[in-house]
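One-letter residues, chain by chain:
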Amino acid sequence: MQLLMEFKDLTRRFERDDYFLQASGSLSENETLAVRGPSGSGKSTLLKILARLLAPDTGNMFYKGEAYRQIPPQKWRREIQYLSQKPVVFAGSVQDNLRLPFNLNCSPPQINYSQDQASSYLEAVGLSTAILPQSASTLSGGEAARIALIRSLLVQPNILLLDEPTAYLDDSSAGQVINLLKTWLVEKDQRALVIVSHKQEDIKGFNQVKFLDL
Amino acid sequence: MDYSYIQISNTQLIFSVILVLITGGIATLLKLGLLKSLLWGTIRAFLQLTIIGYALTFIFAVNKLYIIIPILLLQCYIAARESTRRIHKAPDNPMLLSFLALTASTFIVGLIVVMLIISPQPLYSAQVMIPIFGMILGNSMNGIALSLDRMLAEINGHIDQVEQLLCLGASPWEAIKTDMQTAVKAGMTPTINALMVVGLVSLPGMMTGQILAGMNPHSAVRYQFVVMVMMTAAVAIGCLLMVGLYYKKIFTDDMAIVEQMRKN
Ligand SMILES: Nc1ncnc2c1ncn2[C@@H]1O[C@H](COP(=O)(O)OP(=O)(O)OP(=O)(O)O)[C@@H](O)[C@H]1O
Ligand SMILES: [Mg+2]
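For clarity, every value in this text was computed on a predicted model and none was experimentally measured. (Residues numbered from 1 in each chain as written. Chains lettered and ligands numbered in written order. Predicted model: local features only at pLDDT ≥ 70, side-chain atom pairs only at ≥ 80, totals over all residues. Heavy atoms only, no water.)

All chains considered together, the criterion is met by two cavities of 30 Å³ or more. Quantified by volume, the largest cavity comes out at close to 130 Å³. Taken together, 15 residues make up the lining of the largest cavity; nearest its centre are L83, S84, A145, E164 and P165 of chain A. Secondary-structure elements contributing two or more residues to the lining of the largest cavity are α5 (141-154) and β7 (159-163) of chain A. Ranked by the residues each element gives to the lining of the largest cavity, the list is headed by α5 of chain A, at four residues. Partitioning the lining of the largest cavity into residue classes produces ten nonpolar, two polar and three charged. Reported here for the second largest cavity is a volume of approximately 30 Å³. As for the second largest cavity, its lining consists of K48, Y82 and S84 of chain A together with D160, E163 and Q164 of chain B. Looking at the lining of the second largest cavity, the element that brings in the most residues is helix α7 (residues 159-167) of chain B, giving three residues. Taken together, the residues of the lining of the second largest cavity break down into one nonpolar, two polar and three charged. (1 Å grid on protein atoms, 1.4 Å probe; cavity = no way out; pocket = protein on both sides within 12 Å on 5 of 7 lines; lining within 4 Å. Points joined across faces, edges and corners; volume = space filled by probe spheres on them. Helix = DSSP H or I, 4+ residues; strand = E, 2+ residues; numbered from the N terminus. Nonpolar A, V, L, I, M, F, W, Y, C, P; charged D, E, K, R; others polar.)

Moving on, we get to the coordination of the magnesium ion (ligand 2). Protein ligation of the magnesium ion (ligand 2) involves S44 of chain A (OG) and Q85 of chain A (OE1), the donor distances falling in the range 1.9 to 2.3 Å. Of this pair, S44 of chain A sits in helix α1 (residues 43-50) while Q85 of chain A sits in the loop between β6 (80-83) and α3 (94-99), placing them 41 residues apart in sequence. (Donors = N, O, S within 2.8 Å, 3.2 Å for Na, K, Ca; no water.)

Right, let's get into the domain arrangement of chain B. Residues and elements named next belong to chain B. Domain parsing of chain B yields domain 1 (1-62) and domain 2 (64-262). Distance from the C-alpha centre of domain 1 to the C-alpha centre of domain 2: 29 Å. With nine residues of domain 1 at the interface, the matching set in domain 2 holds nine residues. Buried surface at the junction of domain 1 and domain 2, summed over both partners, amounts to about 720 Å²; 75% is from carbon and sulfur atoms. Together, I59, F60 and V62 form the three largest contributors to the area buried by domain 1 at its contact with domain 2, with a combined 64%. Along the contact surface separating domain 1 from domain 2 lie zero salt bridges. Inspection of the region where domain 1 meets domain 2 yields one residue pair in polar contact (both at pLDDT 80 or more). Across the side of domain 1 that touches domain 2, the residue classes tally to eight nonpolar, one polar and no charged. (Domains from an automatic or database assignment. Contact = heavy atoms within 4.5 Å. Buried area = accessible area lost by both parts, 1.4 Å probe. Salt bridge = Lys/Arg side-chain N within 4 Å of Asp/Glu carboxyl O. Polar contact = N/O pair within 3.5 Å; in protein donor to acceptor, adjacent residues only side chain to side chain.)

Residue and element names in this part refer to chain A. The strand order β6-β7-β8-β3-β9 describes an open sheet built from five strands, whose pairing is parallel. Two strands in the sheet have a free side with no partner beyond their single neighbour: β6 and β9 (209-213). Recorded for the sheet is a direction-independent mean angle of 15° between the axes of neighbouring strands. Running at roughly 150° to β7, α1 makes contact with β3 (32-36), β6, β7, β8 (192-196) and β9 of the sheet. (Pairing = 2+ DSSP bridges. Axes fitted to C-alpha atoms, helices over the stretch in contact; angles between N-to-C directions.)

Attention shifts here to the pairing of β3 of chain A. Residues and elements named next belong to chain A. With respect to burial, β3 is a largely interior element, four of its five residues being buried. Inspection of the sheet shows β3 paired to β8 by four bridges, in the parallel sense. For T32, the partnering residue across the bridge sits in β8 and is L193. Here five bridges tie β3 to β9, and the two strands are oriented parallel to one another. Its bridge partner being in β9, T32 is matched across the sheet by V209. (Buried < 20%, exposed > 50% of the residue type's maximum accessible area, 1.4 Å probe, protein only.)

How big an interface is tends to be stated in terms of accessible area lost as the parts join. On the chain A side, the residues contacting the 18 residues of chain B number 26 residues. For the pairing of chain B and chain A, the buried interface totals around 2100 Å² over both sides, and the portion due to carbon and sulfur atoms is 52%. Looking only at chain B, the three residues that lose the most surface to chain A are Q164, C167 and L168 of chain B, adding up to 32% of its buried area. One salt bridge connects K86 of chain A with D160 of chain B, and the closest N-O pair in it is separated by 3.4 Å. Per element, the largest residue contribution to the side of chain B that touches chain A is seven residues, and it comes from α7 of chain B. A class-by-class count of the residues in the side of chain B that touches chain A yields seven nonpolar, four polar and seven charged.

The following block contains the structure:
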């Protein structure tokens, strides 16, 4: 099993001196790393550090054996897709949102937007293609969360960093999302998942699970 | 020179004290606590304007580039400080960039107006350059202050969106493009709106001055039109430069939003 990602002795302090994050871990092919801990323990902070949106005070991160400083942030973030705790959609239709990464100046190399792929992801998470022309700002919280997830999947990352992806969903939709992630993980080589979740059922859905307690 | 305009004599000037007394009366009547500021403001305005009067008389008489240019640069510096004064907690210090943006916009537009449109003899006439550059500068300064303020507020309110765009592969510029558009627009809107109503509500100060000084209204209107479009252009260039130079300071070397942006 190939080691995909590793982070060693990451630390992070904020101005408030009663909080200190410290974390190490690794992630191999097809593995799921479940990050657990009480509210305020630093789960989101860790994910933001792994997405390089927040700089760690100390420590190092490696992707496929290479230290993060050697990898351009745009490439890093595209291959290691981060989804924030609050789902983010942009002005325009759902369709515009799904195409967005492909309309950037520096759109993903060797990947084109695939409508078939988008439709099959939509179906897998219980949404119909009728939602495509809808204005993204009118989506419900749970719909926005699923659209944001699909948008990231279409970029074809190797690692997904998901911050409570089922927080806005009912149990059956949550189950659909977890099932989609489960098939996504094994559909191709060199894929892995980091997930923050307070729900036992979410984690139980995966096969090779490692835990990181903060 | 033609002194056809009506001069204000010293005695006549003293009558303007009546106006100060009226303001003071209102301030006292309503217990506004403004009396001290009013007094101090009146004295300062009188002294500052008197000194400027003497300084300008001297500068116009000498009329040398080695005096004109440093004065214009000093004005740019003061305007740069003023345009960034209200902005706290901004990443890096935007003062220097504001100075660059103001100087560039003022000189580009100022030179076009002075050299091509007004073209006095000799070309570098302090009497033309100093007031024209000053008017441009005042507007650019307000535009830049508005843009900068708006840019920081927009990005601060959209941090999640900006970060998600970065994650989807956007460059820093792409990630904040809509916020930058809003910011530049906020800076430019007042001068563009001014184009719409000029002359309808009140006559602009410069035109009023020229008419009082005896200029025929047709000529005064031409000047005013040039001044209006020059201000719009200067504000556009100033805001664009400011925002375009400053946006890089919002990001770290790692293309992430700098820590300070989260603290506002
Ligand atoms: N930019 C910041 N400035 C100061 N403190 C911060 C900042 N970001 C996070 N914190 C603090 O760091 C701690 C960890 O926050 P984080 O969001 O990582 O927690 P979490 O484990 O994701 O919690 P939850 O389960 O509620 O989402 C919290 O106490 C939070 O208040
Ligand atoms: Mg969190």
